[in-house]
Amino acid sequence: MGAPAETMPDRRTLESAVALASRAPSLHNSQPWRWILDTATLRLFSDNDRILPATDPSGRQMVLSCGAALHHLQTALAAQRWASTIERFPLSPDRQCLATLRFHRLRGSSDTEIRLAAAIHRRRTERLPMDAPPEWQRTVAALRKLAERAGAYLDVIGEHERPVLDDMSRRISRVRRADLAYQSELRWWTGHAVYPDGVPADTLPAGGRAVATEREFPPGRATGETAAEEDRAAILLLSTATDGRPDWLRCGEALSAVLLACTDRGLATCPVTHLTESAASRGFLRGLAGSDGVPQVLIRVGVRPPPRSDTATPRRPLSEILFREHPGAGVG
Ligand SMILES: Cc1cc2nc3c(=O)[nH]c(=O)nc-3n(C[C@H](O)[C@H](O)[C@H](O)COP(=O)(O)O)c2cc1C
């Protein structure tokens, strides 16, 4: 008789994978996820206390962020020779339960899996202008496959559409400037230095916005020359067939797959979502991209010339996001 199949990574492997998963991007670095570990499974929950009601009333971007963490976790474990089988939205009395993961041992990890896990450490959201990405057609073909595998559509917004997109972005920013609830949420989550969540001032452009397509944040201290720089980043749109929670989760997974593949190729990235926060702007984007799907998130992709900031944004400690369920004794 052979050895019993290995179906659960040891504690240290799981803890380091959850820590790596927490490097996933999230709306305003809100990190709206919780993981619960029992003897046979790891479950992912949204942390609805971290929803941003003025920016994200439906919790769509919260679930997108959780999807990105879910894909980061799979990537981290694959590099440690563990495959994950995911049941999305399992039957559960808890509506916040987004996925149950079970595991089995792999014979080895591929070079790609190891490189993608390494890319998790290097990925940053880059809000300064970028140069155009090289070999773009070939890269787009690869990114499209990754997005489709995760259940999302990927479209490129053409260079000639850029002026209308920039104009739409400026108009949305003007409307948002007068939205007090949105502004107070933005100020709560951004521009501070001492918290393990939120967007630190070091990662925000000094002028509040250095790229017209970008969301307007309070002015920060991101280092790098931006004066007279034109943003030549390519712009991608991720969309989904329908617009429910399963779509949002899958789209978050696609977002993570695209961001990590770009990082692995040496490209800088920035998710952009102020243009997908109203029905009107989503309709506009759909037409602009000629997409059949429902727009979820834009991604700027390019090359950021040096000097680049290497500061990683902070993350919450493991003790706040990973919990153990003890049989008969509940979660602790
Ligand atoms: C759903 C979602 C929406 C986001 N929207 C924006 C955005 O509109 N503008 C922006 O600059 N960054 C956006 N981000 C990036 C986050 O601000 C970023 O991931 C977070 O601050 C952590 O920083 P890091 O990505 O450098 O680790 C978004 C990320 C996610 C997952």
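Basis of the calculations
Each chain carries its own residue numbering, running from 1 in the written order of its sequence. Local features in a predicted model are, by the rule used here, given only for residues with pLDDT of at least 70; side-chain atom pairs are given and counted only at 80 or more, and totals for whole chains, interfaces and linings are based on all residues. As a convention, hydrogens and water are excluded, and side-chain values are obtained from all of the structure's heavy atoms. These domain limits were set by an automatic method or by a database of domain assignments. Contacts are residue-level and defined by heavy atoms, with any inter-residue pair within 4.5 Å sufficient. Buried area: the accessible surface (1.4 Å probe) lost by two parts on joining, summed over both. Whenever Lys or Arg places a side-chain nitrogen within 4 Å of a carboxyl oxygen from Asp or Glu, that contact is recorded as a salt bridge. Definition of a polar contact: a pair of N or O atoms within 3.5 Å, with one able to donate and the other able to accept a hydrogen when the atoms are protein atoms, and with sequence-neighbouring residues admitted only if both atoms are side-chain atoms. Under the DSSP-based scheme used, a helix requires at least four consecutive residues in state H or I and a strand at least two consecutive residues in state E, with every element numbered from the N terminus. Amino acid classes used here: Ala, Val, Leu, Ile, Met, Phe, Trp, Tyr, Cys and Pro are nonpolar; Asp, Glu, Lys and Arg are charged; the rest, including Gly, are polar. Within this scheme, the nonpolar core is defined by two criteria: the residues are buried Ala, Val, Leu, Ile, Met, Phe, Trp, Tyr or Cys, and they are joined through side-chain atoms within 4.5 Å. Throughout, exposure labels follow a simple rule: accessible area from a 1.4 Å probe, protein chains only, divided by the maximum for the residue type, with under 20% read as buried, over 50% as exposed, and the rest as partly exposed. When DSSP finds at least two bridges between two strands, those strands are taken to pair. Whenever a helix is involved, its axis is fitted only over the stretch in contact; in every case the axis is a line through C-alpha atoms, and angles between N-to-C directions fall within 0 to 180 degrees.

- As recorded in an unreviewed UniProt entry, the chain goes by the name Nitroreductase domain-containing protein, listed as coming from Rhodococcus zopfii.

Brief notes about the domain arrangement of the chain
Move 1: One can read the domain layout of the chain as domain 1 (11-122 + 315-331) and domain 2 (136-302).
Move 2: Counting residues at the interface gives 36 residues for domain 1, matched by 34 residues for domain 2.
Move 3: Around 3,000 Å² of area is buried between domain 1 and domain 2 when both sides are counted, 61% of it from carbon and sulfur atoms.
Move 4: On the domain 1 side of the interface with domain 2, the three residues burying the most area are His28, Arg60 and Leu64, jointly 24% of the side's total.
Move 5: Of the charged contacts, one joins Glu253 and Arg88 as a salt bridge, the two residues approaching to 2.9 Å between their closest N and O atoms.
Move 6: Scanning the region where domain 1 abuts domain 2 turns up 17 residue pairs in polar contact (both at pLDDT 80 or more).
Move 7: Every element with two or more residues in the side of domain 1 that touches domain 2 is listed here: helix H2 (60-78) and helix H3 (111-122).
Move 8: Of the residues that constitute the side of domain 1 that touches domain 2, the class distribution is 15 nonpolar, 13 polar and 8 charged.

Comments concerning the nonpolar core
Move 1: Core analysis: the biggest nonpolar cluster contains 33 residues, and Trp33, Trp35, Leu42, Leu44, Leu70, Leu73 and Leu101 have the highest contact counts within it.
Move 2: Elements represented by at least two residues in this core include exactly helix H1 (11-21), strand S1 (33-37), strand S2 (42-46), H2, strand S3 (82-88), strand S4 (97-105), H3 and helix H7 (245-264).
Move 3: Residues from two domains meet in this core; each of domain 1 (11-122 + 315-331) and domain 2 (136-302) gives at least three.
Move 4: Contacts of Leu70, omitting those with residues within four sequence positions, involve Trp35, Leu44, Ile86, Ala99, Leu101, Leu249 and Glu253.

Some words on the sheet that holds strand S7 (residues 268-272)
Move 1: With antiparallel pairing, 4 strands are arranged side by side in an open sheet as S5-S6-S8-S7. The open sheet is flanked by strand S5 (153-157) and S7, the only strands paired with a single partner. On average, each strand axis in the sheet is tilted by 25° relative to the strand beside it, whichever way the strands run.
Move 2: As paired strands, S5 and strand S6 (residues 234-240) are joined by 5 bridges and run antiparallel to one another. Of the residues in S6, the one forming a bridge with Ile157 is Ile235.
Move 3: Along the sheet, helix H8 (residues 279-289) contacts S5, S6 and strand S8 (294-302); its crossing angle with S8, the most-contacted strand, is approximately 60°.

Side note on the environment of Glu113
Move 1: Looking at where Glu113 falls in the secondary structure, it is placed in helix H3.
Move 2: Exposure remark for Glu113: the relative accessible area of 26% places this residue in the partly exposed category.
Move 3: Those residues in contact with Glu113 that sit more than four places away from it in its chain are Thr75, Ala78, Ala79 and Gly108.
Move 4: Among the polar contacts listed, one links the side chain of Glu113 to the backbone nitrogen of Ser110, at a separation of 2.8 Å.

Let's talk about the pairing of S2
Move 1: Of all 5 residues in S2, 5 are buried, a share of seventy percent or more.
Move 2: Looking at chain direction, S1 and S2 are connected through 5 bridges and run antiparallel. Within the sheet, the bridge partner assigned to Trp33 lies in S2 and is Ser46.
Move 3: Relative to S4, S2 runs antiparallel, the two sharing 4 bridges. In the strand pairing of S4, Phe45 is matched with Cys97.

Some details on the pairing of S4
Two faces make up the sheet, and in a regular strand the side chains alternate between them.
Move 1: Bridge analysis of S3 against S4 gives 7 bridges, and the strand direction is antiparallel. The residue of S4 that forms the bridge with Ala83 is His104.

So, the pattern of salt bridges
Move 1: Under the definition given, this model contains 23 salt bridges.
Move 2: A salt bridge links Glu87 to Arg102; its shortest N-O distance comes to 3.6 Å. Of this pair, Glu87 sits in strand S3 while Arg102 sits in strand S4; the two residues are 15 residues apart in sequence, bridging distant segments of the chain.
Move 3: Judged by relative accessible area, Glu87 falls into the partly exposed class, the value being 37%.
Move 4: Arg102 sits in the partly exposed class, given a relative accessible area of 43%.
Move 5: Taken together, the shared-partner salt bridges connect Asp47, Arg50, Asp197, Arg316 and Glu320 into one network.

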